[in-house]
Amino acid sequence: MLLIIMLVASIIVSLFEFQKLNRNVYGLIDDNYKIIEASKAMINALEQADSATLLLVINQEKERRNILISSDSSFLAGFEIAKNIVTKPTDKKLIEQIEIAYKSYQNKWQEHEIDIDKQANIEWYRNDIHLSFINTKNAVTDLMSIQQTSLYNEASSLKAKSYRAIMPGIITLISAVFFIVLLIFFIFKYFVSPLKNLTNVVRNYHPQDKYLRSNLKSNDELKKLESAINDLLDRLKFNKNN
Amino acid sequence: MKKEIIIKHLGYVLLFNALFMFISFLFSLYFDENSALPLLYSSLICVIFGVFPLIFVERTEGINFGEGLFIVVLGWVVTCFAGMLPYLLWGGEFTFANAWFESVSGFTTTGSTILNDIESLPKGLLFWRSSTQWIGGIGIILFILLILPQSKSARINIYNTEISSLSKLNFRYKTKKIVQVLIIVYVSLTLLETILLSLFGMGVFDAVNHSFATIATGGFSTRNMSIAAYDSVAIEIIIIVFMIISGIHFGLIFSTITFKKENIFNSSVTKAFLTVLFIGVLLVTLKLYFSGYYNWWDSLRYAAFQVISVGTNTGFATVDTPHWPIFTQLIIIYFTIQCAMAGSTSGGLKFDRVYLFFKLLVKQIKLLKHPNGVFVTKIDGRSINEQLEQQTVVFIVLYIATFFITALILTSMDIDGMTAFSASITTLGNVGPGFGGVNSFGNFVNIPDLGKYFLSLNMLLGRLEIFNLIALLMIKKI
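What this report covers is the structure whose coordinates are included nearby. These numbers come from a predicted model, not from an experiment.

At the junction of the two partners, chain B supplies 21 residues and chain A supplies 24 residues. Interface area, chain B with chain A, both sides summed: about 2300 Å², of which 78% is carbon and sulfur. The largest contributions to the chain B side of the interface with chain A come from Tyr41, Phe52 and Phe56 of chain B, which together make up 28% of the buried area. Summed over the shared surface of chain B and chain A, the result is one salt bridge. Put simply, Glu4 of chain B and Lys189 of chain A hold a salt bridge, and the shortest N to O gap is 3.4 Å. Of all the elements in the fold, those that place two or more residues in the side of chain B that touches chain A are helix 1 (3–30), helix 2 (36–56) and helix 3 (65–90) of chain B. Residue composition of the side of chain B that touches chain A, by class: 17 nonpolar, two polar and two charged.

Below, the structure is given as structure tokens:
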């Protein structure tokens, strides 16, 4: 009964810890990892847009337009994913900063479509639009760094939780082994050994002996068995005499 | 020898541990920590193993000396194993070797730790850690003796193994009364210190934990920087006072409080102990001041705390000592070897043996001058028999041999000399901090696992006063 209690308790504790582990794994995959992937997509899109802006400086207008359209849609797709997943206030603030920075960057290369003075103007690229690109990229990188740190911390926490889920089982197994050894000891001490002793005494009984003397000290059913056998011997002797 | 009787008493030991694990679980539950389930499950395992023998084994009428010896020694070992369970189940920095080391360090009131970040431990586990020291301080066996209705012979045989012969010199009562005296003094001092620490700025939780560790002369703090974290002279003074009291024979403390004739003011051993402590503090203060380490008051403050902490086997720290002058380090090492008085919660060599040893030296010098003279060693008017004199000398030799062998084993694992030496002596003396890699604010985590097992054995040898473990190994049949 005690062994069953120990085993059941161990199962409950392990199940509880595994459930917590499960929730953490979902959190890790659904939240942190997806945001990191979305941030990488946004950074790629920004790099593309920056390359497209350089094409304008070297008068490659048609190619620039195509690349800008593609990079813009990639960036916005990544941004939407990140925006929908974040829940923490600090992360939401970062999302707002990214949105503001990107809008400012977007305005600059959209303005440029009208303003042909900016063509072949490397100074304008370096001091204006490229800086805007850097700001936007830094904001996205910050978001990604925070998610990576959070991912690492979550993974470390998972390691600790999985240990806590497994250990009760291991401890129970070892305890069960000790318990069984103890049980065998007590069964041998209080049941098997007295029975063997009684059996030997019965086997070695000589008719000239008055009673069985098994030296049983306990006051249990085995002692009663010894008494019952002695009573039987008494009755047999009485019947024989009569 | 009745094995079932031994197993039954070990069961009681486990039940007692289960009680404190459950209390720790309640702390964890209150603070909503992840150590709640490990503590509860550990408690359950202890209850199961504690209750199980009671189903089979009947009430004991008598226990012989051999059975008493097994109960005491195995009681300590089993309690250390049980004490590991919450650590193992919680995880973190606790590998098997680390959990065993921390558990043994707690129960033997050594206070050495493997933790890099004590403050990251949940409060439930911190309370369990401190509880192991409190239980170990008085000796779990004494608690059992108090609680259980034992026969007189059973009580005497267990008591005689648990309490050293030196400690019995200042007890004038029957065994049962002695047990009661010890427990009363122990619990009262713990309560008093908790109240005082709380009043002077330590939070209640920290006050309870530090009181447990002070009265047990253990030294487990709830802070990484030990008592230095509080930076409070008032707290340091309170702890100094209680460390000194805890390093004195509890029977003498009880006699003093109850206005008996034989008290701490009349005891030559106590006076000698306090004098040696005072000299140690003075020497270290002077050296620190004249070497330009601190101003006068800071020198006194740090010297007093560190010397008394080590001299009473506690092991708390208010400053890191490895950069102190070597003269002061050697004085602290001396106190690590000497330890506090017999009959206190201190382990190790015990001051009484050192005192007796010097008396024997004087006797030997007298014998050299008067070879045919008959000289009797006396302490406070009481003659010391030759058996006790021989035991003392043999114990000191065994003690030195043990710490030397352990230091040798540690150096074979490529641990530097100072670390090996101080780790060996501090664990054997149940003090806690050493020098080198195991200094006051350091830990034992970088010691190889095999080294930790040897140091754990050292701690047990120190707490069980070596002879009990050796006697156990020499019992021919079970």
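Moving on from the model shown.
Here we take up helix 16 (residues 351–369) of chain B. For an α-helix the count is 3.6 residues per turn, leaving residues at separations of three or four pointing the same way. Given a rise of 1.5 Å per residue, 19 residues ought to cover 27 Å, and the 28 Å separating the end C-alpha atoms of helix 16 of chain B matches this to within 8%. Three or more residues of helix 16 of chain B are buried, namely Phe351, Asp352, Arg353, Val354, Tyr355, Leu356, Leu360 and Lys363 of chain B.

This part takes up the environment of Tyr12 of chain B. Residues and elements named next belong to chain B. Assignment of secondary structure puts Tyr12 in helix 1. Look at Tyr12 and you get buried, because its relative accessible area is 18%. C-alpha separation for the pair Tyr12 and Asp352, spaced 340 residues apart in sequence, amounts to 32 Å.

For the rest of this paragraph, the subject is the side chain of Arg164 of chain A. By the secondary structure assignment, Arg164 of chain A is in helix 4 (residues 122–203). In this structure Arg164 of chain A comes out as buried when scored by relative accessible area, which is 7%. Apart from the residues within four sequence positions on either side, Arg164 of chain A is in contact with Glu17 of chain A together with Asn34, Leu89 and Trp90 of chain B.

We now examine the packing of aromatic side chains. Residue and element names in this part refer to chain B. Tallying each qualifying case throughout the model produces 34 aromatic pairs over all chains. Taking 6.2 Å as the distance between ring centres and 40 degrees as the angle between the ring planes, the aromatic pair formed by Tyr186 and Phe250 counts as tilted. Linking Tyr186 in helix 9 (residues 175–199) with Phe250 in helix 12 (residues 250–257), this pair joins segments that are 64 residues apart in sequence. Here Phe250 falls in the buried class, since its relative accessible area comes to 0%. When the ring of Phe273 is compared with that of Phe351, the centres are 5.5 Å apart and the planes differ by 55 degrees; the resulting orientation is tilted. A residue pair is termed long-range when its members are at least 10 positions apart, and Phe273 in helix 13 (residues 268–290) and Phe351 in helix 16 qualify at 78 residues. On the accessibility criterion, Phe273 (0% relative accessible area) is buried. Of the residues examined, Phe351 reaches a relative accessible area of 3% and is grouped as buried.

The rules behind each value
- Residues numbered from 1 in each chain as written.
- Chains lettered and ligands numbered in written order.
- Predicted model: local features only at pLDDT ≥ 70, side-chain atom pairs only at ≥ 80, totals over all residues.
- Heavy atoms only, no water.
- Contact = heavy atoms within 4.5 Å.
- Buried area = accessible area lost by both parts, 1.4 Å probe.
- Salt bridge = Lys/Arg side-chain N within 4 Å of Asp/Glu carboxyl O.
- Helix = DSSP H or I, 4+ residues; strand = E, 2+ residues; numbered from the N terminus.
- Nonpolar A, V, L, I, M, F, W, Y, C, P; charged D, E, K, R; others polar.
- Expected span 1.5 Å × (residues − 1).
- Buried < 20%, exposed > 50% of the residue type's maximum accessible area, 1.4 Å probe, protein only.
- Phe/Tyr/Trp six-rings, centres within 6.5 Å; stacked < 30°, edge-to-face > 60°.

All quantities given are derived from atomic positions and should not be read as evidence of function.
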